[in-house]
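Now for the letters of each chain:
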Amino acid sequence: MTPRTPVTTPAGAPDTADTDDADSTDGTVSTDGTGTVAEATTFVGLTLDRHVHASDRAVNLARDVLSGLAANPRELPPKWFYDATGGMLFDEITRLPEYYSTRRERAILDDHASDIAAACPADTLVELGSGTSEKTRLLLDALRAAGGLRTFVAFDVDESTLAQAGRSLIAAYPNLAVHAVVGDFEQHLSHLPSGGRRLIAFLGGTIGNMRPAKRGEFLRALREQCGSTDALLLGTDLVKDPDRLVAAYDDGAGVTAAFNRNILTVINRELGADFNIRGFAHVAQWNAADSWIEMRLRAVRDQRVTIDSLALAVDFQRGDDLLTEISAKFTRGGITAELADAGWAVAQQWTDPESDFAVTLATPSTAPTAAPI
């Protein structure tokens, strides 16, 4: 499952942060060096940079749906699960007995946050895909106790969640500078604030939603952004009994099935499509050859789907699949090898007692070779 932040801003909504408490003190617009206009807004104690706007959402969704439905096999990026309903469903998934990964990762951070802070006493914590930053507080507490923490950088695609989480963190950590960056970590890594000693956290197993080539590209691009004193903290789900893996993505209560179908609801609402939501069954299966779980929507009857915004009609035959997510599972040795290929060396690695999940601390080992994302 991809624990990305819900994208709750509807297409066409104003692309400004929630400023109901009127604590905005400054707003600027500048170029980011690539010709793209980037906005920066400063609230009391919170700086917010925008590299993704509400208008981008409609364009990106249309592009992804058009290319995904034209592909063979058909697929859609999992980030489109996450409207407000998708976010609530995923939150419910994390509490299901079958879905172990969130609990396991938190247990590792509970046990080893102080070890992480001792190994990398960073003055800046960066979190990619930060969301509400709830687990991150374990790292913030440990880094603050180590004495050097000054700044937290929250990087995610949903501006409203970042702004709310940022103000909550400022209330809890009055001496902490919070810098929120609204962006897509597959496109905007070059906009991460630099300077100081940074610990960059990429948690939740989100890297497993990328295919191997994309993972390598991402890790190399991240290495490009890092100095010799920076470090990466990576959360990864580990290979285990396939029955347990499938159960985690096909729970008995049907919550994951509703979450999977929600991608069709998003397309119906935002692109004027007429997918019959109940015309597709939720399928989760283990792909042993690629070592990942696949989530699919399978047509239960012949049907034609029209998408008004794209002037497109798509025919589905009974049994046709639409791939909505992959979630790769790793071995500890495989994690080390993939990191090494991208210029990272494993400094320490921790697992829960059941070896369900791993959290890996890595440091730069070789000169970066990739162009920045």
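Values in this document were obtained by computation on a predicted structure and should not be read as measured data.

Asker: What's the story with the environment of Gly196 in this structure? I'm lost.
Answerer: As for its placement among the helices and strands, Gly196 is situated in the loop between strand 6 (177–182) and strand 7 (198–202). Residues Gly196 and Thr124 lie 72 residues apart in sequence; the distance between their C-alpha atoms is 6.9 Å.

Asker: Would you mind showing me how to read unusual backbone geometry here?
Answerer: It is generally the case that most residues other than glycine have a negative phi and that most peptide bonds are trans. In the segment running from Asn72 into Pro73, the intervening peptide bond is cis, with an omega of 5 degrees. In this structure, Pro73 sits in the loop between helix 1 (54–70) and helix 2 (84–93). With phi around 60 degrees, Ser291 is a residue other than glycine that occupies positive phi space. A positive phi angle, near 50 degrees, is found at Ala311, a position not held by glycine. Note on placement: Ala311 falls in the loop between strand 11 (303–307) and strand 12 (312–316).

Asker: What is the right way to look at the pairing of strand 14 (residues 344–351) in this model?
Answerer: The side chains of a regular strand alternate, residue by residue, between the two faces of the sheet. Bridging between strand 14 and strand 15 (residues 357–364) involves seven bridges; their strand directions are antiparallel. Bridging across to strand 15, Thr351 finds its partner in Ala358. Counting the residues that bridge the hairpin from strand 14 to strand 15 gives five residues, and of these Ser355 lies at a positive phi of roughly 55 degrees.

Asker: Help me understand the side chain of Asp123 in this model?
Answerer: Tracing the chain through its elements places Asp123 in the loop between helix 3 (101–119) and strand 4 (124–128). Setting aside residues no more than four positions away along its own chain, Asp123 makes contact with Gly148, Leu149, Arg150, Thr151, Gly195, Gly196 and Arg197.

Asker: Which parts of the structure should I look at to understand the sheet that holds strand 13 (residues 321–328)?
Answerer: Either a parallel or an antiparallel arrangement is found when strands of a sheet pair, and the pairing is made through backbone hydrogen bonds. Reading across the sheet, the three strands line up as 9-10-13 and stay open at both edges, with antiparallel pairing between neighbours. Of all the strands in the sheet, just strand 9 (280–287) and strand 13 have a single pairing partner and so form its edges. Direction aside, neighbouring strands of the sheet carry axes that sit 20 degrees apart on average. Examined bridge by bridge, strand 9 and strand 10 (residues 292–299) share eight bridges and lie antiparallel to one another. Within strand 10, the residue paired with His282 across the bridge is Leu297. Running over the sheet, helix 8 (residues 255–271) touches strand 9, strand 10 and strand 13 and is turned about 65 degrees from strand 10.

Reading the values: the criteria
- Residues numbered from 1 in each chain as written.
- Predicted model: local features only at pLDDT ≥ 70, side-chain atom pairs only at ≥ 80, totals over all residues.
- Heavy atoms only, no water.
- Helix = DSSP H or I, 4+ residues; strand = E, 2+ residues; numbered from the N terminus.
- Pairing = 2+ DSSP bridges.
- Contact = heavy atoms within 4.5 Å.
- Axes fitted to C-alpha atoms, helices over the stretch in contact; angles between N-to-C directions.

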